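The residues making up each chain are set out below.
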Amino acid sequence: MGSVASSGGVRVRTAASVARRDAWLRRLPLLPAFVYVVLVTQIPFVLTIYYSFHSWNLLKPGSFRFSGLDNYAALLTDEHIRTAVLNTVVLTVSVIGISIALGLAIASLLNSEVFGKGVMRTLMIAPFLIMPTAAALIWKDTLLNPLFGLLPYLLTPFGLGRADLVNQHPMAMVVAVEVWRWTPFMMLIILAGLQSQNPEVLEAARVDGANAFQAFRRITLPLVRPFIELGALLGSLFVVQTFDSIYMLTYGGPGEDTTNVPFLLYKVAFQGFDIGQASAIGVVAVILTTVVATIGLRTLFSIFQVEARR
Amino acid sequence: MSANAMRGNTRRASSFPTSKVLWSVVGWLVVFIFFFPVLWMWLEALKTEPQAASSPPTVFFVPTLMEFQDVLSGDFPPFFINSAIASIGSTLLVLVLGLPAAYALAIRPVKRTQDVLFFFISTRFLPFAASLVPLYLLARDLHLLDNIFTLVLIYTTINLPLGVWLLRSFLLEIPHDLFEAARVDGAGFLTELTRIVVPLIAPGIAATSLICLIFSWNEFFYAVNFTSSTAATAPLFLVSFISGRGFFYAKLAAAATLASLPVLLAGWIAQKQLIRGLTLGAVK
């Protein structure tokens with residue numbers, strides 16, 4: 001009797017340890033990636049938080065000292081940072097807004113009966129694939145250059161002759177180049193949404209007397225809405241980090257007219273070598289992005305998973 | 001019923017050519033505007049320097065490959081090779097680390113799988129600011145600045161979350177019975193991975209590699225801050241055109257064309273994988 005009970009106990013324990021071993025075996029393939037990501041993103045982030053409470057300039061040896069919340073106080077009062085945040089918002093909102101509107105229009109065009117859809121789509125995605133630094137230079141030197149650029153030349157008959165567009169409208173030009181780059185991205189995502197639509201539903205609506213606009217608003221738009229939202233969210237997460245085209249087109253100027261948060265960080269960290277201040281900018285940027293991204297991504301991917309299951 | 005269908009057909013047939021032609025013209029016009037900067041880059045690259053820097057712009061000219069030869073025989077190749085090492089190296093690392101992780105998250109889900117997934121993706125969208133300063137200081141202290149290996153590691157960090165998400169979305173499509181059968185036959189984890197998983201998600205591996213290639217080949221922020229000469233990548237070669245070189249527009253266009261070529265070709269060839277990759281597998 002006693003021996004039966006003890007053997008039962010052993011069996012239970014073995015079952016438990018097998019289960020535990022199994023759980024670890026399941027986790028094992030996950031570990032290398034997990035450890036890598038923690039090592040290169042999380043631990044440095046903890047260090048960033050640590051540095052953000054210190055005053056430290058690499059150009060002044062021995063300047064490392066605890067400074068409490070000074071860097072954060074500077075964030076609240078510093079005009080450069082306010083300008084950079086404002087520029088980031090203006091840039092992101094206008095680029096995403098315009099490229100979604102254009103992307104929706106072009107996707108609708110490519111989803112209708114037109115000649116050479118495949119070639120059109122192929123050519124359309126080129127702006128997204130071209131190296132951003134290369135594209136920005138081509139825009140600046142060969143298209144917008146007041147002396148030799150094509151656009152000022154073409155605009156001469158309209159009385160705008162030889163305008164230095166990049167200097168006169170720096171933010172508008174950065175937005176234009178980024179819209180050119182992100183419209184194909186939005187177009188691709190929205191086109192995928194349009195193509196998932198059943199054409200018979202639209203046909204039925206037309207038979208029922210709905211005009212093209214009504215059919216678009218009542219049937220097509222609700223269907224592609226999650227696709228537009230997905231494009232908007234992913235797009236914003238990338239556009240918020242715009243650096244290449246600003247570096248190439250305007251270098252944040254003139255003055256600070258096109259300095260966004262990433263460019264300001266670049267200036268503070270790699271031109272001013274102000275480690276403490278750069279770290280404080282980093283911490284605030286992380287908190288803001290994480291809140292927006294986590295909520296947005298969770299909501300969106302739950303929508304898409306529900307639709308996939310259906 | 002059949003009369004109705006026929007009427008529908010004739011109506012469509014009669015209204016269809018004019019509207020189709022009209023919308024095609026509008027569509028091609030829009031596509032031309034968007035594609036034009038790329039076309040202009042190619043045209044400028046085929047000009048001589050005086051033709052490229054002329055006012056009014058030169059439209060008719062005899063194309064020459066002189067500038068391409070000039071760029072290729074000059075100091076451009078090392079930059080291009082660095083880009084290739086950084087992109088291919090990091091893509092391979094992403095696959096090696098990401099495939100087992102995606103497998104664990106898709107086929108043998110652990111507790112809190114959803115949280116692990118969102119932890120991964122949250123790291124992709126962390127601003128540079130989060131880890132920039134400590135990574136820079138670490139690289140400086142280890143004498144790893146201007147070292148291509150550093151860029152390989154950084155690009156792996158950037159692309160690993162995308163890779164895990166994307167590979168998982170492909171793995172979820174493999175019928176579960178296949179793994180059950182393999183396990184009954186006594187296949188271990190590695191056999192399962194190499195014999196079943198890899199062949200079945202070859203398109204997924206292609207999509208992941210494409211996205212990794214695009215992001216690492218075109219990356220500029222870390223390249224400009226972590227390298228200076230020996231490890232400098234293709235975008236940095238272009239930076240040298242901003243100042244101090246005078247008007248070398250044809251040469252700039254030739255270099256820009258060459259620097260953009262690998263990603264442009266890969267993206268065009270793998271258009272189908274592009275959309276799925278860009279949306280982390282959410283849109284098929």
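Note that this is a predicted model, so its numbers are computed, not measured. (Residues numbered from 1 in each chain as written. Chains lettered and ligands numbered in written order. Predicted model: local features only at pLDDT ≥ 70, side-chain atom pairs only at ≥ 80, totals over all residues. Heavy atoms only, no water.)

> For this particular structure, what's the right way to read the overall build of chain B?
Helix and strand counts for chain B stand at 14 helices and 0 strands. Listed by position from the N terminus, the elements making up chain B come as α-α-α-α-α-α-α-α-α-α-α-α-α-α. In terms of principal-axis extent, the alpha carbons of chain B reach across some 80 × 75 × 35 Å. Relative to its full complement of 284 residues, chain B shows a buried share of 56%. (Helix = DSSP H or I, 4+ residues; strand = E, 2+ residues; numbered from the N terminus. Buried < 20%, exposed > 50% of the residue type's maximum accessible area, 1.4 Å probe, protein only.)

> What exactly am I supposed to notice about the layout of surface pockets here?
A probe as big as a water molecule, rolled over the atoms, marks out the empty space that is left. Residue and element names in this part refer to chain A. In this structure, the second largest pocket encloses a volume near 700 Å³. T88, V240, V261, L288 and T289 are the residues nearest the centre of the second largest pocket, which is lined by 27 residues in total. Breaking the lining of the second largest pocket down by element, the ones donating at least two residues are α3 (70–77), α4 (79–111), α12 (212–239), α14 (261–270) and α15 (275–309). Here the lining of the second largest pocket gets 7 residues from one element, more than from any other, and that element is α4. Tallied by class, residues from the lining of the second largest pocket come to 21 nonpolar, 5 polar and 1 charged. (1 Å grid on protein atoms, 1.4 Å probe; cavity = no way out; pocket = protein on both sides within 12 Å on 5 of 7 lines; lining within 4 Å. Points joined across faces, edges and corners; volume = space filled by probe spheres on them. Nonpolar A, V, L, I, M, F, W, Y, C, P; charged D, E, K, R; others polar.)

> So what exactly am I meant to see when it comes to the packing of helix α10 (residues 170–195) of chain A against α12(A) here?
A packed helix pair is summarised by two numbers, namely the angle formed by the two axes and the spacing between the axes. Residues and elements named next belong to chain A. Their axes nearest at 9 Å, the elements α10 and α12 cross at an angle of 150°. With respect to each other, α10 and α12 are oriented roughly antiparallel. When the axes of α10 and α12 are compared, the crossing they make is right-handed. Note on element contacts: α12 touches α10 through T220, L223, V224, F227, I228, L230, G231, A232, L234, G235, F238 and V239, opposite W182, F185, M186, I189, I190, A192, G193 and L194. Residues belonging to the contact of α10 with α12 are distributed by class as follows: 16 nonpolar, 4 polar and no charged. (Axes fitted to C-alpha atoms, helices over the stretch in contact; angles between N-to-C directions. Parallel < 35°, antiparallel > 145°, perpendicular 65-115°, else oblique. Left-handed = near helix turned anticlockwise from the far one by under 90°. Contact = heavy atoms within 4.5 Å.)

> It is not clear to me how the interface of chain A and chain B should be interpreted in this structure. Could you clarify?
Frequently, the measure chosen for interface size is the accessible area that the parts lose on association. Across the contact, 94 residues belong to chain A and 96 residues belong to chain B. Each partner contributes to the roughly 8,900 Å² buried at the junction of chain A and chain B, and carbon and sulfur atoms together form 78% of this total. The three residues of chain A that bury the most area against chain B are L129(A), M131(A) and F148(A), which together make up 8% of that side's buried surface. The interface formed by chain A and chain B holds 0 salt bridges in total. (Buried area = accessible area lost by both parts, 1.4 Å probe. Salt bridge = Lys/Arg side-chain N within 4 Å of Asp/Glu carboxyl O.)

> What is the right way to look at the nonpolar core in this model?
A general trend in soluble globular proteins is that nonpolar side chains are found buried together. Counting residues in hydrophobic clusters, the biggest one holds 192 residues, and the most contacted among them are Y247(A), L171(B), I201(B), Y222(B), L238(B) and L274(B). Of all the elements, α10(A) adds the most residues to this core, at 17 residues. Sequence-distant contacts of L238(B), that is, excluding residues within four places in its chain, are made with M131(A), T133(A), A134(A), L137(A), M248(A), L252(B), A255(B), A256(B) and A259(B). (Core = buried A, V, L, I, M, F, W, Y, C linked by side-chain atoms within 4.5 Å.)

> What is the right way to look at the side chain of T242(A) in this model?
Residue and element names in this part refer to chain A. Mapped onto the secondary structure, T242 falls in the loop between α12 and α13 (244–249). Only 2.5 Å separates the side chain of T242 from the backbone oxygen of V239, close enough to count as a polar contact. Sequence-distant contacts of T242, defined by excluding residues within four places in its chain, comprise L91, E178, N260 and P262. (Polar contact = N/O pair within 3.5 Å; in protein donor to acceptor, adjacent residues only side chain to side chain.)

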